[in-house]
Amino acid sequence: MKKIFILSLLIGALAACKESGDFLEPKTNALTEETVFSDSIRTMAFLSRIYSDIGYSFVKGRWSSHGNTEQATDDAEYKYSGVTQNAVILYSGTVSPLNFPFTDFWNTPYTNIRRVNLFLSRLPSTPLSPALQRRAGAEARFLRAWYYHQLLVSFGGVPLIGDKVFDIADFIDLPRNSFAECVSYLVGELDALAAILPATTDYSEENYGRATRGACLALKSRILLYAASPLFNGSPETQNAALASIVSYPTYDASHWQKAADAAQAVITSGQYSLNTDNATAPGYGFYQVFLKRVNNEYIFFQNRGANRDMEVFFNMPSRGGQNNSMPTQNLAEAFPMKNGKAITDPTSGYDPKNPYINRDPRFGYSIIYNESPYYLASSNALVPVYTYEGAPSDGFTYSGQTTGYYTRKMCDVNIAANTSFAVDRGWPLLRYAEVLLNYAEAINETGQTALAYPKLVELRARAGIDPGANQLYGLKPNMTKEEMREVIQNERRIELAFEDHRWHDIRRWKTAMAVNNSFNKRMRIVKTGNTYTYEVTQSIRKHNFRPEMYLLPIPDSEVRKMPAMLQNPGW
């Protein structure tokens with residue numbers, strides 16, 4: 001019988017060409033491949049359609065308009081608890097090949113890979129100029145690599161289909177390529193494309209946001225870092241030799257870390273990017289502002305957006321008209337150090353559990369709304385404190401779905417609210433320079449060259465507004481061992497990249513999820529008596545369950561049944 005790789009893989013883009021679409025011409029049903037690719041505007045619109053999904057994994061309302069992977073980690077709690085909600089299925093561990101409602105993990109990448117291949121097959125016959133054909137083809141190939149890397153980090157090795165455009169009548173039964181083959185293919189593509197695509201500064205204003213040389217180098221950095229990590233570097237979750245090579249490198253190789261460090265260093269030395277820094281307005285103000293600027297030197301690849309209130313609507317508390325879908329945990333709050341850079345567990349840090357929010361790393365206040373944080377209130381037309389103590393009206397602990405004692409401020413503009421008409425000229429950060437610095441620090445530390453990791457962390461902490469200290473190490477302990485530095489880097493990555501679609505992937509690739517995401521998260525209960533607050537750390541009401549087989553997601557059962565040559569992931 002005929003088998004289909006995935007339904008949308010085979011027919012998604014074709015249907016988009018033949019039907020009235022949101023990216024082609026909404027007033028006609030007469031579009032075909034011929035009419036699309038014989039017209040230069042429609043050809044470029046087809047490419048724009050492929051771009052439109054690049055943030056599918058990042059988007060805050062990924063599932064049911066209010067769920068995503070961050071709520072399945074130790075960083076955030078979900079407002080909803082229904083057992084059929086996707087985020088609940090993921091954090092409760094009830095996911096399986098038969099119970100896999102997260103179709104976008106598999107379908108969205110392959111749908112767009114198919115679109116890319118269709119685009120490339122028709123490109124030579126389009127009326128685009130030879131120079132534009134060359135650039136547009138390179139952009140499309142970058143996007144294909146982008147979607148493949150999403151598959152790789154979720155499932156391990158997947159079928160590579162090259163430039164093939166499958167037809168609805170084709171018989172398809174493809175095996176999975178090995179993990180090494182997938183990494184080699186993606187790195188080879190990105191190296192080739194970096195030699196073709198322009199730098200960010202070489203694009204005209206109307207082309208701002210397209211794939212660039214720097215995006216190729218940064219994506220290569222991420223892929224090689226993931227490939228060097230414990231989940232994929234010689235630690236397969238199976239004793240089956242054939243399957244082991246599909247889901248990972250079968251044996252550990254330290255050289256993978258050096259390759260990852262070199263890839264990150266190539267971005268750094270390109271001179272194209274820098275951290276958005278402003279400590280003059282307020283400590284760490286540049287960190288806050290970077291997410292409120294569509295145009296900045298820190299974003300390497302991003303989802304270009306019109307003026308919007310994306311983050312405010314998703315994260316804001318009820319008093320500001322927000323949906324408070326995702327709330328930071330006490331676990332995350334405790335990860336932020338003090339302003340002197342020392343961990344709150346350090347007896348010399350100055351942390352006061354009776355006044356836990358003073359003198360913290362400025363990123364704490366720019367990422368988390370805690371009790372008495374100022375935030376714009378429309379009825380007052382001013383910044384007004386948010387009260388999260390138990391019994392506080394509107395926003396208080398356990399009120400209106402409030403489950404942690406915190407709200408999210410990361411990427412939100414404190415001067416607007418969800419229930420205002422104001423908007424922010426923001427894009428969604430998919431690859432930014434701060435991640436590259438962390439990629440380098442992590443990789444170079446794992447090669448044993450721990451001293452070389454310090455300058456990158458210092459750069460990040462200086463931008464964050466942390467005090468330099470007498471030794472100019474911004475709270476970092478001198479002469480750390482590789483193991484000590486690893487712990488610091490992992491924590492720095494957690495707080496710097498919080499809510500940017502990294503934590504779910506990081507705790508899996510580090511193979512720490514069984515330890516950090518297999519229990520109740522923590523929350524902060526605040527009781528007000530007169531003018532005095534008391535603080536109590538309590539357990540959340542929902543237990544997270546992470547099983548070893550969840551380090552790699554199951555391929556949906558329907559896909560494996562369509563293509564028996566495609567082996568299922570271990571444990572499923």
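Procedures and definitions
Residues numbered from 1 in each chain as written. Predicted model: local features only at pLDDT ≥ 70, side-chain atom pairs only at ≥ 80, totals over all residues. Heavy atoms only, no water. Helix = DSSP H or I, 4+ residues; strand = E, 2+ residues; numbered from the N terminus. Expected span 1.5 Å × (residues − 1). Buried < 20%, exposed > 50% of the residue type's maximum accessible area, 1.4 Å probe, protein only. Arc of directions from axis to C-beta. Contact = heavy atoms within 4.5 Å. 1 Å grid on protein atoms, 1.4 Å probe; cavity = no way out; pocket = protein on both sides within 12 Å on 5 of 7 lines; lining within 4 Å. Points joined across faces, edges and corners; volume = space filled by probe spheres on them. Nonpolar A, V, L, I, M, F, W, Y, C, P; charged D, E, K, R; others polar. Phe/Tyr/Trp six-rings, centres within 6.5 Å; stacked < 30°, edge-to-face > 60°.

Undergrad: Please clarify how helix α7 (residues 179-194) should be interpreted in this entry.
TA: A rise of 1.5 Å per residue sets the reference length of α7, with its 16 residues, at 22 Å; its end C-alpha atoms lie 22 Å apart and thus fit the reference within 8%. Three or more residues of α7 are buried, namely F179, C182, V183, L186, V187, E189, L190, L193 and A194. End-on view of α7: buried residues confined to an arc of 160°, all on one side of the axis. Turning to α7, the residues buried within the fold contact α6 (130-155), α8 (213-228) and α9 (241-247).

Undergrad: Mind showing me how you'd approach the layout of surface pockets here?
TA: The method is simple in principle: a probe with the dimensions of a water molecule rolls over the atoms, and the space it marks as empty is what remains. Space inside the largest pocket adds up to approximately 920 Å³. If you go around the largest pocket, you meet 37 residues; those closest to its centre are A335, A343, T345, E487 and N491. Where the lining of the largest pocket is concerned, the elements lending two or more residues are α13 (330-335), α17 (482-496), α18 (503-509) and α19 (513-516). Split into classes, the residues belonging to the lining of the largest pocket amount to 15 nonpolar, 10 polar and 12 charged. For the second largest pocket, the calculated volume is near 240 Å³. Considering the residues around the second largest pocket, the lining is formed by 18 residues, among which T200, T201, Y208, N296 and Y299 are closest to the centre. Across the lining of the second largest pocket, the residue classes break down as eight nonpolar, nine polar and one charged.

Undergrad: Explain the packing of aromatic side chains here, please?
TA: What describes a pair of aromatic rings is the distance from one ring centre to the other and the angle between the planes of the rings. The tally for this structure, following the rule as stated, stands at 38 aromatic pairs. Note on W106 and F155: the rings are 5.1 Å apart at their centroids and 90° apart in plane angle, and the pair reads as edge-to-face. You can see W106 sitting in the loop between α4 (86-92) and α5 (107-122) and its partner F155 sitting in helix α6, a full 49 residues away along the chain. Both residues of the pair, W106 and F155, belong to the buried class. Taken together, a centroid distance of 6.0 Å and an interplanar angle of 75° make the contact between Y357 and Y406 edge-to-face. Here Y406 lies in the loop between β6 (382-386) and β7 (407-408) and Y357 lies in the loop between α13 and α14 (362-367), a separation of 49 residues in the sequence.

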